[in-house]
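# Structural overview
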Amino acid sequence: MATRTPIVGGNWKMHLDRAGARDLLRELRGQLDGLAGVEVVIFPPAAWLGDAADALEGSTLRVGAQNAYWLPHGAYTGEVGAAMLVGTADYVLVGHSERRHVFGESDEDTARKLDAVLGLALQPILAVGEQQEEREGGRTAEVLRRQLDAAFADIDRLPEGFTIAYEPVWAIGTGLTATPEIAQATVAEIRRMVADRFGAASAEACRIQYGGSVNAGNVADLASQPDIDGALVGGASLDAEAFATICRAVAAAAE
Ligand code: 13P
């Protein structure tokens, strides 16, 4: 599997109070600090980002924000500007399906966020994925291409280590994990789309995670697929044991 370092994200979504977040951060550091062969990024709710940065400082675990607004400051009540995250977060999730489908963010909003994050000392993870009726209607490739084209509209060169998360919407929080075959085929297709736009070398270097009902039991089969470079984990990332097992399985699959 080339030289791509796989990446596992733990997306806590809107879960855990402050004490629970601090406990989980401590447990995760204890279990995962120093784990070789995989990059581990924790995405707590925005309210606990500072706690996460403090709790994980000096460890190999990275901190990610689940969302950010593209403008640096201004009269935007309730928003957190991407620029405000510099120094606290390392990564920012852009275009998660819940942002797109629950909060109505458009492809253009996603592109603005991606551009803002890329202009700062932050690494984006660009999430894409089709809905159930789009897959059933044979429109998966069309939807993914539209999402990627829109997100990359202003980008000429893919930065090193760029990460895409393929998260089929029908697999998120449903227990309906994509089979390793479907996940591999779709991720390979995304890689071809990246190659069409940025060239073969950029596509080969681009990391593409799978997300959607990943757990300690199914991760090894997914992570052993040649094009899948790790996982973006929701529910199972709230359990230190399960998440640590997932991270270790991804590291082992890449050996
Ligand atoms: P689940 O692992 O809970 O399906 O969530 C996936 C996800 O949306 C991660 O960003």
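Notes on the structure follow. (Residues numbered from 1 in each chain as written. Predicted model: local features only at pLDDT ≥ 70, side-chain atom pairs only at ≥ 80, totals over all residues. Heavy atoms only, no water.)

### Section: the pattern of salt bridges
Taken as a whole, this structure holds 18 salt bridges when the rule is applied. We note a salt bridge from Asp90 to Arg62, for which the minimum N-O separation is 3.5 Å. Note that Asp90 is positioned in the loop between helix 3 (82–85) and strand 4 (91–94) and Arg62 in strand 3 (residues 62–65), a separation of 28 residues in sequence. Using a relative accessible area of 28% as the deciding quantity, one classes Asp90 as partly exposed. Judged by its relative accessible area of 29%, Arg62 falls in the partly exposed class. In this structure, a network of salt bridges that share partners links the residues Arg4, Arg191, Glu204, Asp227 and Asp229. (Salt bridge = Lys/Arg side-chain N within 4 Å of Asp/Glu carboxyl O. Helix = DSSP H or I, 4+ residues; strand = E, 2+ residues; numbered from the N terminus. Buried < 20%, exposed > 50% of the residue type's maximum accessible area, 1.4 Å probe, protein only.)

### What to know about the sheet that holds strand 1 (residues 7–11)
Read around the barrel, eight strands follow the order 1-2-3-4-5-6-7-8 and close on themselves; strand pairing throughout is parallel. Here the strands of the sheet are splayed against their neighbours by 25° on average, with no regard to which way each runs. Sheet analysis places strand 2 (residues 39–43) next to strand 3, joined by two bridges and oriented parallel. Residue pairing in the sheet places Val41 in a bridge with Arg62 of strand 3. Of the strands in this sheet, strand 2 and strand 3 touch helix 2 (residues 49–56), which is tilted by about 170° from strand 3. Taken strand by strand, helix 7 (residues 140–151) contacts strand 5 (123–128) and strand 6 (163–166), and its axis lies near 150° from that of strand 5. (Pairing = 2+ DSSP bridges. Axes fitted to C-alpha atoms, helices over the stretch in contact; angles between N-to-C directions. Contact = heavy atoms within 4.5 Å.)

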